[in-house]
Each structure stands twice: as C-alpha cells, then as structure tokens.
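Next come the chains, spelled out residue by residue.
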Amino acid sequence: MKIAQVIVDVSTYAVNRPFDYALNEDAPYVEIGSRVKVPFGRRDVIGYVVGLKEDTDVDSAKLKLISEVVDYRPALTEELVELAQHLAHHTICYEIDALQAMLPAAMRTSYERLVVATVPLEQLSPALRDIFESSLTQSFDSLTPVQQKLCKDAALVGEVEFQTSMKQQTTIKTERVLHIPSLERLRQIEGELSNRAHKQKQLLAYLMNYPNEALVEKVVREEADVAGPTIQTFVTAGYIERSEREVYREIDASQMAYDEKLALTTEQQRAFEAVRDAIDASRAETFLLHGITGSGKTEVYLQAIERVLERGEQAIVLVPEIALTPQMTARFKGRFGDKVAVMHSALSQGEKYDEWRKIRRGEVSVVVGARSAIFAPFTNLGLLILDEEHESTYKQEDVPRYHARDVAIWRGNYHQCPVLLGSATPALESFARAQKGVYTLLSMTERPKQSALPEVSVVDMREELRTGNRSMYSHALIQAIRERMERGEQIVLFLNRRGFASFMLCRDCGTTMQCPHCDISLTYHRSVERLKCHYCNYETYVPPKCPHCESESMRFFGTGTQKAEVELKKVIPDISVIRMDVDTTSRKGAHEKLLSAFGRGEAQVLLGTQMIAKGLDFPNITLVGVLAADSSLHLADFRASERTFQLLTQVSGRAGRAHLQGEVIVQTYAPEHYSIQLAKQQQYIPFYNVEMQMRKRFGYPPMFYIVALQLSHASLEKVIHYANQTARFLRQALDDSFIIVGPAPSLISRVNDRYRYQCLIKYKAENNLFDVLHQLMHMYRTKWMKEHLRLSIQMEPQSLM
DNA sequence: AGCACGCCGACT
DNA sequence: GTCGGCGTGCTC
C-alpha cells in the first residue's frame, strides 16, 4: 500500500508531526511537496506531503484516504520540504509555518464551514426553512448562535450536513480564447445568418480576417465592436469554439531599455573570476564581497549571473525591500529580459503568485526580490546573491524567524553552488567569518567612474548651542544648502530618527506624555494633531495643559521630519522640499512617485528617514546633510554603533556619484564617537576592529551566538515567576559553556498592558541547545500557555528591545 | 486549531 | 430532570 506522510495546515504544538494517509492507487501524481486535501478529525484540511512510504504503524481502522490532490505540479520541491524541516528545528517553529512561508500568500487556504440542507425545503421545520430559504448551502459562521444550534440538531437526524469549503486566496487569472474555423466554414456560416443580424454579420466579417486562428475574446469584442452576447450566440450555435487559458498579470512592461554590459575594473574582474570559478566547479562556497559604495558590485552580480545562465542554471538575487526600486529592477530586466521574475511588496497578491508560477515552471531563470524570494522554487540553482547583506530586513521578525543569509547558505550547500554576500559595510558576523576563512573575502576599494569619494565634515552641535544656535540646522549646513541652491544642484537631508521621535514634555514638572498601556512616550503626529503610541496604536488628543501640574508649558521635543521641514523653511523660505516619511509614502507607489519627482528636479531638497538612505542614485545630488547622526547611538542595543556606522556610510555614498564632487555634512552631539569618526573616513576595517573589541568585552555577537527569550503577562508577578522558572530550567538543562543572562525586565518593560521580561542565552557551540529549547517550548505549550503567559524565542535577534 | 466527550450548576 | 459551562484529549 502507498502511504503519504502529511503535515496538516494546523499551527499547533499537538499536531506538529506528520500524519499518515493512504493513497489511492490511481493518484500517481502525488509527490513530496504536493498539497493535498485530507479528512482530519471531523473536518477537511489542506496538508503538505513530506514523505512517501509503503507501510504504516497506524491502525487500519484509523487510517484514512487522501481525498484530493490540490495541484497538478507539487507546490513545493523536495528540497524546500527538507528546508522546512531544518527551519522548524533551528528557528523553533512548527513545520507547517515554515512550509507556508515558502509559498506566496495567494496560495494560503481560507476555510469556510458550510451547512447544506440534504432534504427538500418542505420537509424542514419552519425555523430551518427560514435559514435555507435563499440557498440550500449556508455559511455556518455567519448564522446566529440560535441558528447554529438548530443546524447542529438537524445534523443529528440527517436533515442537514456540515462541509468545509476551502479556497485559495487568489486564483489563477484566465482569459477566454476563441477558436476560429476555416474560411470555407466561415463562408458557410455567412449564408446561415439572418439578414437582420447586423452585429453577427459584423463579427463574422471581422473573423474572416483570422481563419484557423485563436483569438482573445476581449480583443475581438473591442476590435470587432461587438458585445458579449453576440459572441455567445456564435458559441451556442457551434460556429466557433471557446476555451479558457491561464494568463499572467501584466507587471509594468514599459521600461525594458537594454542594459549594456560594462567592462570590469581589475578589482571587479578579480572578484568576478573568484565567483565564476566556484560556479564552474559547482562549489558551495560563500563569498563576502566587501566593496565601498559606488565600487560597482551590481556589475559583478550581473556578470556572475550571466555565467550561471550560460550553464543553464538559475540565480536568486536578494535586495533589501526599500532598494527594490524600478531603477534597480530595470537593470536586471534590461540585462536578462524576460528571464527575470521580480518579487517585492509593492506587487499585488495575484502578481506575486504569477511571478512565483513562472519560477516554479522554470519559465524564468533569475529572481530579484526581497527576503522571501530566497524560497524561490528553482531546481537547478547556480548562484545565490544577497546585496547589502548587513541589512536587518533579511531577518524575518515573526514566525518563522529565519535569516535569509542562513537560508541562502543552506540552499547553496544543497545545490552545491556559491553564495555571494555583498556590502560596503558587512555585518560584523559576516566580516568575522571572512577573517576566519569561513567565507572567502573579496575586496573592492575603488570607484570605477573615477568619481571621488565625497568630502565628509562633522559638525559639533554642542558648539552650535554654545554660540546660541538652537535650531536643528548648523550654520555650516545652511550655508552649504544655499550654495547648492544657487548652483542649481540638489540636496538630500537625512534624519536618523531611530528611537528618537518627537515627544511631549512639561517644562515645569518634567512630566512626559506616556502611553497608558505601554512603557513608552507617545509620539506627536503633526499631520493629524494627535499623540500616538507606536507599539499598541493607542491614540489621544494633544493636552492643552500638563495633566499633572496643569501648567501650560507643554512642549514638543525631539525631531520629526515634519518639524525639520518647517524649520528649514523658516530659515530659507523659498526652498522647495520633498518629504519622505511614513506619512507621505503610505499609499501604494507613493515612494516611487516622490523619488522620480525629485529625479526630475521638481524639488531642491529631499528630506527623509532611513528609507532614503538606499537606492537613490541621482547625478545632481552634491550635498548630503545628516541632521542628527548620533540619535541611533543612544539606543541601549549592542548593534547601535554598527547601525550608526552603516547608516552614515550608506548615506554618504549618495553624494556625488557622477562627475560632480559631493559633500557630506554630518551633524552630531558626539563627534568624537568612533562610529562617526570612522564613517567619516569610510574606514570599515578600523571600525570593525574597534567594534569587535567592544563585542568581545561585553560578550555579544559575533563572539557569542545569542538567543533571546521574551516573556510577557498581564500580571507583573506572574511574568517574574515564569521568567525565573525559565532561567532556572535553562541553567539546569544547559552546561557551563552556556551563559544565561537574566531574567531582567525588557527595555520596553510594558506593551499593551502586558509586562515584559527577557532572558538571554549566550553560547559558542550549540550542543543540546535546540533540544532544550524544544523542551521549553513543550512546557510552555502544554502548561504555561493556559495561564496566559506568552513566550517567544528569537535565535540571533537583530536587537534586544 | 477545531471538535467531541464528559462532568457539575441554574433553568423550563 | 435538561441545558450548557469550559476542562481534557484527540486528530492518521
């Protein structure tokens, strides 16, 4: 007998294991990775086949049959099924969550419970008759509790039946195609038509131009100027045949300008050859391409991919979400044409689904996309690339908490192909691995377009204060902005707003406006004139007086982009500014619109947060101003210095990319800090050395691996109790090579009226760690959860907030 | 997660 | 006496 092992679409501890199902012998196309519909308990669910075998230990009385195979071609490959198991184990999640993460959201199944009347309406009681009056099938969940009860009772006597309806969230788009007969047949039809059937004659005349062809119905309707019913008449009469065929949703086919292959510099050539050799040798080698901003990493990627395609293999390119601008993707499409699929968040569910199917069918060979594109179902991978590999967006924040870099390396191993990590400011972890020889280091230190690195100057804002300048713009920056305006050049102003938004403070008693549910200050939003909590979405009005001492000297502190714009216009009234922040870019496509408006020179200044640090590459920008470089330094987070350095380096790279000399002005209250000083000189390696000393001293990555366990509960007492229990359990279950830190209150000690505590595990070798964490999870799922405790486990957290 | 089974308090 | 509360246990 053929048995399939199935992981069911139920995300719970108790069913996080394969269930055996018998297979009908006439269902030969069930493979590992197939989605199937199976009876599970009292209902039907979707499941994934993760194994096939010949026999089972399950009681034959219990064993059930697979009721349906969902897709003709298995949704997942065997490789991805294996990867899901690996992820479930290493990120501590359920296998089903890992499997789901690999498919486009469109393929998620939504379930609806249905009640179907199985006897004629007249035979039902009057109350039931009311329910089924409109239709014999009703949605169970939209009935009132009383009606639900009636149905349950009726089910016992067999008057109604329960069913589960499953549907995919987004379906395959189809179009109708008309098959036109031969010319002789058309002539024959002409004779059969009535003289008064003008529209039909018109249609026929049009069809005469296309005998024996297949035409898209929509096009025929438009060009022959006939309506649907006319065509329907022809179909019904048997004059023409009609069928449906799958089509892909069209994504912006407009820009396909050919992208010319560039000659490589010596450095680029050396990097390219190293990667090419690994490609040719089918070697699973990880490269770290450390190239300063503007050193032409993309061209190396493109030529390496070209090599992969020549070998008939496939490539995945990951780019941080915000860098996936049309400019960026156009370059790949320009080089490789329709062999490229693009995957990013601006696509609709349906569009993503279509791109995914092109990949699954092997119709494309390159995918350029954000984090989740790392799961692209290619079967013959030859190269995986992560651009800006240090970006924190490569780590998924919720379950399954995977890091795309780890997944890339796993897949590289599976396919025996190289992985290429590129960055101007590699993550400390990556550079450390390159130093140890785990990764192969490739360096590029020159800019090919003989454009010089911009000149960077640091302005001490404390000095500005001393000389009486209380604004957020230094004299030097204002002066530089004025110069660019006169020369007709453009300016980018960058506000490092991480952990530093505008809050309200009473100058008399020092009261700050706090969120009543979280341990955090409320943020002032000028556009709606309200205070908001960024953690629980609590919102309130701006108080006219201090709620504590009734004083009227409530003031806003901190800097938002809105305030920065207002202040700038106070000093230079005739300046035109495009502001890019959450408020102005929330609408779909707004991001691109603002950028292209700036590119066309519609404004002198582009002012924004993080999101403008990447991806924009306009020749006319000659000045970059960083308003508060150190604001991210004050976060109590072990990556604070690294983030600041990365940000400053990236931002500086935006100035003077073409023939014009660029200038960067960095304003800060901590000019002597090493991350600011070394970013000023674009000196990554000295920064790496200093930062590694710090990490070593405080025992942080990459010296240690860390796991963060976050516990929360509405009661402070309870959360402390369980946090202590967690720490005790870990100390007893793990040996001395593990360091358990805490428990201690989280940095933000309360969110949404829940108190938060955390424990850290630091370690160098994993030993039995995963077993212990799974045991802990088991304890939590089976006991602690009932007490409304919440526990989450983060492997290698990006921050410790 | 759903859903059923099962064992104790408040209603027709 | 029955309806229904949610604790417990199972799903191939």
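Residues numbered from 1 in each chain as written. Chains lettered and ligands numbered in written order. Predicted model: local features only at pLDDT ≥ 70, side-chain atom pairs only at ≥ 80, totals over all residues. Heavy atoms only, no water.

An unreviewed UniProt entry lists chain A under the name Replication restart protein PriA, from Savagea serpentis. Recorded in UniProt for chain A, the comment headed Function (unreviewed entry) runs: "Initiates the restart of stalled replication forks, which reloads the replicative helicase on sites other than the origin of replication. Recognizes and binds to abandoned replication forks and remodels them to uncover a helicase loading site. Promotes assembly of the primosome at these replication forks." Under the UniProt heading Sequence similarities (unreviewed entry), the entry covering chain A gives this text: "Belongs to the helicase family. PriA subfamily." (UniProt positions renumbered as here; feature names shortened; annotations may be inferred.)

Caption draft 1: Main features of the pattern of salt bridges. Scanning the model with the defined rule gives 42 salt bridges in all. Among the ionic pairs, R311 bridges to E313, the shortest N-O distance being 3.2 Å. Looking at R311, the relative accessible area reads 30%, which means it is partly exposed. The class for E313 is buried, based on a relative accessible area of 12%. Shared partners join several salt bridges into a network, and the residues in it are E246, R249, D354, R357, R361 and E363. (Salt bridge = Lys/Arg side-chain N within 4 Å of Asp/Glu carboxyl O. Buried < 20%, exposed > 50% of the residue type's maximum accessible area, 1.4 Å probe, protein only.)

Caption draft 2: Here's a closer look at helix α10 (residues 297–310). The end-to-end C-alpha distance of α10, which contains 14 residues, comes to 20 Å, matching closely the 20 Å that a straight helix rising 1.5 Å per residue would cover. Counting buried residues along α10, eleven of its 14 residues qualify, which places the element largely inside the surrounding structure. Taken as a whole, α10 has its buried residues at K297, T298, E299, V300, Y301, L302, Q303, A304, I305, V308 and L309. Immediately beyond the C-terminal end of α10, within one or two residues, lies G312, with a positive phi of roughly 75°. (Helix = DSSP H or I, 4+ residues; strand = E, 2+ residues; numbered from the N terminus. Expected span 1.5 Å × (residues − 1).)

Caption draft 3: A look at the protein's contact with DNA strand C. With respect to spatial proximity, 14 residues lie near DNA strand C, and among them D20, G41, V58, K62 and K64 are the closest. Counting only the atoms of DNA strand C that lie within 4 Å of the protein, the sugar and phosphate share comes to 50%. Contact between DNA strand C and D20: a sugar or linking oxygen at 2.6 Å from a main-chain N or O atom of the residue. The dominant element in the surface near DNA strand C, judged by the number of residues it contributes, is strand β2 (residues 19–22), at three residues. Of the residues in the surface near DNA strand C, the class split is eight nonpolar, one polar and five charged. (Near = heavy atom within 4 Å. Polar contact = N/O pair within 3.5 Å; in protein donor to acceptor, adjacent residues only side chain to side chain. Nonpolar A, V, L, I, M, F, W, Y, C, P; charged D, E, K, R; others polar.)

Caption draft 4: Inspection of helix α1 (residues 78–91) at higher detail. Helix length check: α1 (14 residues) gives 20 Å between terminal C-alpha atoms against 20 Å at 1.5 Å per residue, within 8%. Of the residues making up α1, those classed as buried are E79, L80, V81, L83, A84, L87, A88 and T91. For α1, the secondary structure elements touched by its buried residues are β4 (43–53), α2 (95–101), α13 (404–415), α24 (769–782) and β34 (790–795). (Contact = heavy atoms within 4.5 Å.)

Caption draft 5: Spotlight on the nonpolar core. By size, the foremost hydrophobic cluster in this structure holds 88 residues, and its most contacted members are I316 and I374. Here this core takes six residues from α1, the largest share from any one element. In this structure I316 touches V367, A373, I374, A376, F378, L381, L383, L384, I385 and R411, once residues within four positions along its chain are discounted. Core analysis: the next-biggest nonpolar cluster, separate from the first, contains 30 residues, A278, V300, Y301 and L420 among them. (Core = buried A, V, L, I, M, F, W, Y, C linked by side-chain atoms within 4.5 Å.)

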